[in-house]
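Summary of the model geometry
Residue strings, one per chain:
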Amino acid sequence: MASKTDNLTAVLYGIEDLRLEQRPIPVPKDDEVLLEMDSVGICGSDVHYLVKGRIGDFIVKKPMVIGHEASGIVSKVGAKVKTLKVGDRVAIEPGYGCRVCEYCKGGSYNLCPDMIFCATPPYDGNLTRYFTHPADFCYKLPDHVTMEEGALLEPLSVGVHACRRADVGLGSNVLILGAGPIGLVTLIVAKSMGAGKVLVTDLLQNRLDVAKELGADETLVIPKGVSEEDLVKLIHDRMGGAPDKTIDCSGAEATARLAILSTKSGGVGVLVGMGAPEVKVPLINALAREVDIRGVFRYCNDYPIALSLVSSGKIDVKRLITHHFNIEDTAEAFNTTRHGLGGAIKVMIHVQPKDKNNPK
């Protein structure tokens, strides 16, 4: 356990400027809990902010605490908190809305224009030893669910939301474009929802090897120099026909196009990965074949489902974790994620002092 004066924190000051510094321990509001943070995974968006300083219209203009895939232990509760107590182990859903707009009241709080989301400018994240968060966005973990699994509920919830948006169900034939962490969690969720056949594509064989371990029926390394038309044919040949659902977890223009061109007429193409703000896509093809194009922005009411999938043993997300670091080694952890060193898929940072929690 960290001392009550030790709040070592990872702060992004700007492009290529990530620092560790001490910050005051926050005081929880009446509806919040103070959390002693435990595990924080590194997301591709964290790396993007480090390298580019922005994602779309979200621009790092002032120092920002990084990190949003997290779990922690309740250290103190606000005066109005009734659902949690000191010592509870929780997964942290990092974004919450204003609670009063039409989107929040209608159940789509991820679309709230005033959404507060960890490590999305201008709001701080939670790669820090102590952090406050609304109690109703903290989910108590059963004793048999590890803190690392709790942190992984964040990317898993993206996969849940993507599959729900795609209407994946019993017997669905699903094409997943991209075998990074989000593609892999989408794979395991699709299989848990009863998908009949799932094909996963990527540029890297080592990622597809993991996809196979996690239940992919087919995998495909995208050949270099192949034409778009031939690639669509290759996908159809591998799947025995066109997929009902295609989920693009890459965000590249090429995969956004494939999400339309590869999908069965009357099917659904879901775009999860966020790339360039504007891309060229074959809209007439989608219109003429009634291929629905659906966006995914984070998740909404998906954390309880993700927790249920993990706690029931229906899925195993621990295989995604390939590297462990302590918070003192945050720079090395980010470098490992950024360059995919050692076949990195999900890099986990352990926040407590080394003498308490040294995973190396």
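Remember, predicted model here, so these are calculated numbers, not experimental data.

What to know about the overall build of the protein
Of the regular secondary structure elements, the protein holds ten helices and 20 strands. Relative to the compact-globule value of 21 Å for 360 residues, the protein shows a C-alpha radius of gyration of 20 Å, a close match. In terms of overall dimensions, the protein has a C-alpha envelope of 60 × 45 × 40 Å along the principal axes. Across the 360 residues that make up the protein, the buried fraction comes to 54%. Long-range contacts, defined here as pairs at least 24 residues apart, represent 70% of the contacts in the protein between residues at least 6 apart.

Examining the nonpolar core
In this structure, Leu-153, Leu-156, Val-200 and Ile-247 are the most contacted members of the largest nonpolar core, which totals 59 residues. Secondary structure elements with two or more residues in this core: α3 (147–165), β13 (173–177), α4 (181–192), β14 (197–202), α5 (205–213), β17 (268–271) and α9 (303–311). Looking at this core, the element that brings in the most residues is α3, giving nine residues. Inspection of this core shows a minimum of three residues originating in each of domain 1 (7–140 + 317–350) and domain 2 (159–295). Apart from the residues within four sequence positions on either side, Ile-247 is in contact with Ala-162, Cys-163, Ala-166, Val-168, Val-174, Leu-175, Ile-176, Leu-177, Thr-186, Val-270 and Val-272.

As for the pairing of strand β11 (residues 130–134)
Burial within β11 is extensive, with five of its five residues counted as buried. Residues of β11 alternate between two faces, with Tyr-130, Thr-132 and Pro-134 on one and Phe-131 and His-133 on the opposite face, all of them buried. Two strands pair when backbone bridges link them, and strand β3 (residues 32–41) and β11 are joined in this way by five bridges, in the antiparallel orientation. Bridge assignment links Leu-35 to a residue of β11, and that residue is Phe-131.

Some remarks on the packing of aromatic side chains
Within this structure, the stated rule accounts for five aromatic pairs. Between the aromatic rings of Tyr-109 and Phe-137, the centroid separation amounts to 5.5 Å while the plane-to-plane angle is 85°, which identifies the pairing as edge-to-face. Remark: Phe-137 occurs in the loop between β11 and β12 (138–140) and Tyr-109 occurs in the loop between α2 (102–105) and β10 (116–117); sequence separation between them is 28 residues. Neither residue differs from the other here; Tyr-109 and Phe-137 are each classed as buried. Ring centres of Phe-117 and Tyr-299 lie 6.4 Å apart, and the angle between their planes is 45°; this geometry places the pair in the tilted category. Separated by 182 residues along the polypeptide, Phe-117 in strand β10 and Tyr-299 in the loop between β18 (292–295) and α9 bring together distant segments of the chain. Side by side, Phe-117 and Tyr-299 carry an identical accessibility label, which is buried. Put simply, the rings of Phe-117, Tyr-139, Tyr-299 and Tyr-303 touch in pairs and so form one group of aromatic residues. In this arrangement the basic side chain of Arg-19 is found over the ring face of Tyr-13, its NZ or CZ atom lying 3.7 Å from the centre.

Reading guide: rules and limits
The written sequence of each chain sets the order in which its residues are numbered from 1. In keeping with the predicted nature of the model, local features appear solely for residues at pLDDT of at least 70, side-chain atom pairs appear and are counted solely at 80 or more, and the whole-chain, interface and lining totals rest on all residues. Side-chain metrics rest on all non-hydrogen atoms present in the structure, leaving aside hydrogens and water. Segments assigned H or I by DSSP are reported as helices when at least four residues long, segments assigned E as strands when at least two residues long, and all are numbered from the N terminus. Between the two quantities, the radius of gyration covers C-alpha atoms and the globule rule is 2.2 Å times the number of residues to the power 0.38. Any residue under 20% of the maximum accessible area for its type is buried, any over 50% is exposed, and the rest in between are partly exposed; the area is computed with a 1.4 Å probe on protein chains only. Should any heavy atoms of two residues lie within 4.5 Å, those residues are counted as being in contact. Buried Ala, Val, Leu, Ile, Met, Phe, Trp, Tyr and Cys residues form a nonpolar core when they are joined through side-chain atoms within 4.5 Å. Throughout the structure description, domain borders are defined by an automatic or database domain assignment. When DSSP finds two or more bridges between two strands, those strands count as paired. Between 30 and 60 degrees the pair is tilted, below 30 it is stacked and above 60 it is edge-to-face, where a pair is any two Phe, Tyr or Trp rings, Trp via its six-membered ring, whose centres lie within 6.5 Å. For a Lys NZ or an Arg CZ to count as sitting over a ring, it must be within 6 Å of the ring centre and within 35 degrees of the ring normal.

Shape is all these values report; function is a separate question.
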